[in-house]
Structure formats: structure tokens, C-alpha cells
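# Reading the structure
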Amino acid sequence: MPEDYPDQFDEVVDFIQATIKRLRRSPDKQTPIFSRRERNRQNAATNIENSSKKGRRSQKGKNRGCVLTEIHLNVTDLDLGYETKEELIFRYCSGSCDAAETTYDKILKNLTRKKKLVTDKVRQACCRPTAFDDDLSFLDDNLVYHILKKHSAKRCGCV
């Protein structure tokens, strides 16, 4: 059977070694789902949300409504076609960017409304990721190794 998958062997070995290292570092041997780095990210994201709620007046309207939110999911819940019991913390951007509207945006809207511009659709700023988490590696239920890139937001902004 190993001769059927020679090109994936190194990837699987790397994945197993990374998982063993993660398990050894984990203080809780019963639920070794996330590494210390992942837990630190989770705590940082929680702190970002809490700090954004406290000091809203000092932000002067920039990205005020656009926040990083997280949810704990199985990889299967992402509905990308993977069947696995692996779990992750999925972070996404949500909220309004109305407060981030600049003078430029207002001018474009006004010129479009007065039909001074050819383009009839001026896009408003929307809350989107400005950076993404590290790649996610996992084995599916068929023991096939997968890597998800740009799967979860790290920072959000109005773009």
C-alpha cells in the first residue's frame, strides 16, 4: 500500500511529526486540538474584540464597525468537500464600513448620482480580511493530507 502513495509519504510524515510536537507542547493531554500558538491567537483575537468595544470614541470612525469574529468549527462544516473530524477556529470579518467612508467616496457617489461619471456602479467600502492566518494542514477521514490556504482572517479592514 505505501508504494501506491510515494509522492504523499513525505507530506504525511511531516504532518505526523508536527502533530506529535503539538501534542507534546499541549498542557491538556485530553483535548490536544490547538497548539499554544493557536491558543495565543485566539486570546489575541478576543482581546482585539474587547478593546475595540471599549475605546470606540478614540478611533475616529476608522473601521469602527468592521471587527474580527471567530467561531469554533469542524473542517467538514466549511463545506469544502472534506470529511474529517479535525477542528479549527474560523475567524471572519463582519460589520459595517459606513464610518470609513472618505471624502473621495462621497465625491464619487455624488458624481455618479448627477451622472457626471460614466460608471454607474461605485462600490462602497466593505469589511474584508487584510491578512490571513497561517495555512491549515489536516488529514481527512481517508488519510489524505490537505492544506487550506487563506482560510481564516487574521486582521480586518474596510477596503
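Residues numbered from 1 in each chain as written. Predicted model: local features only at pLDDT ≥ 70, side-chain atom pairs only at ≥ 80, totals over all residues. Heavy atoms only, no water.

With an unreviewed UniProt entry as reference, the chain is termed Glial cell line-derived neurotrophic factor, source organism Bubo bubo. The UniProt entry for the chain carries the following comment under Subcellular location (unreviewed entry): "Secreted". (UniProt positions renumbered as here; feature names shortened; annotations may be inferred.)

When helices and strands are tallied, the chain shows three helices and six strands. Looking at the chain as a whole, 26% of its 159 residues are labelled buried. For the chain, contacts bridging at least 24 residues in sequence account for 57% of all contacts bridging at least 6. Carbon and sulfur atoms make up 50% of the accessible area of the chain, which amounts to about 11,700 Å² in all. (Helix = DSSP H or I, 4+ residues; strand = E, 2+ residues; numbered from the N terminus. Buried < 20%, exposed > 50% of the residue type's maximum accessible area, 1.4 Å probe, protein only. Contact = heavy atoms within 4.5 Å. Areas by Shrake-Rupley, 256 points an atom, 1.4 Å probe, with all protein chains shown as cover.)

In regions of low pLDDT, the predicted coordinates are not meant to be interpreted in detail. In the predicted model, the chain carries a mean pLDDT of 75, and 65% of its residues have values of at least 70. Confidence drops under pLDDT 50 across residues 28-33; counting only partners more than four residues distant or on other chains, this segment forms six contacts. (pLDDT = per-residue confidence, 0-100.)

Once that is clear, we can look at the nonpolar core. Listed in full, the eight residues of the largest apolar core are Cys66, Leu68, Cys93, Cys97, Cys127, Ala153, Cys156 and Cys158. Per-element tally for this core: the top contributor is strand 6 (residues 153-158), with three residues. With sequence-adjacent residues up to four places away left out, cysteine 66 is seen in contact with Ser94, Gly95, Ser96, Cys97, Cys127, Arg128, Cys156, Gly157 and Cys158. Grouped together as the second largest cluster of nonpolar side chains are six residues, Val75, Leu136, Phe138 and Leu148 included. (Core = buried A, V, L, I, M, F, W, Y, C linked by side-chain atoms within 4.5 Å.)

Secondary-structure assignment places arginine 91 in strand 2 (residues 87-94). Residue arginine 91 is classed as buried on the basis of its relative accessible area, which comes to 2%. Polar side-chain contacts of arginine 91 include one of 2.8 Å to the side chain of aspartate 133. (Polar contact = N/O pair within 3.5 Å; in protein donor to acceptor, adjacent residues only side chain to side chain.)

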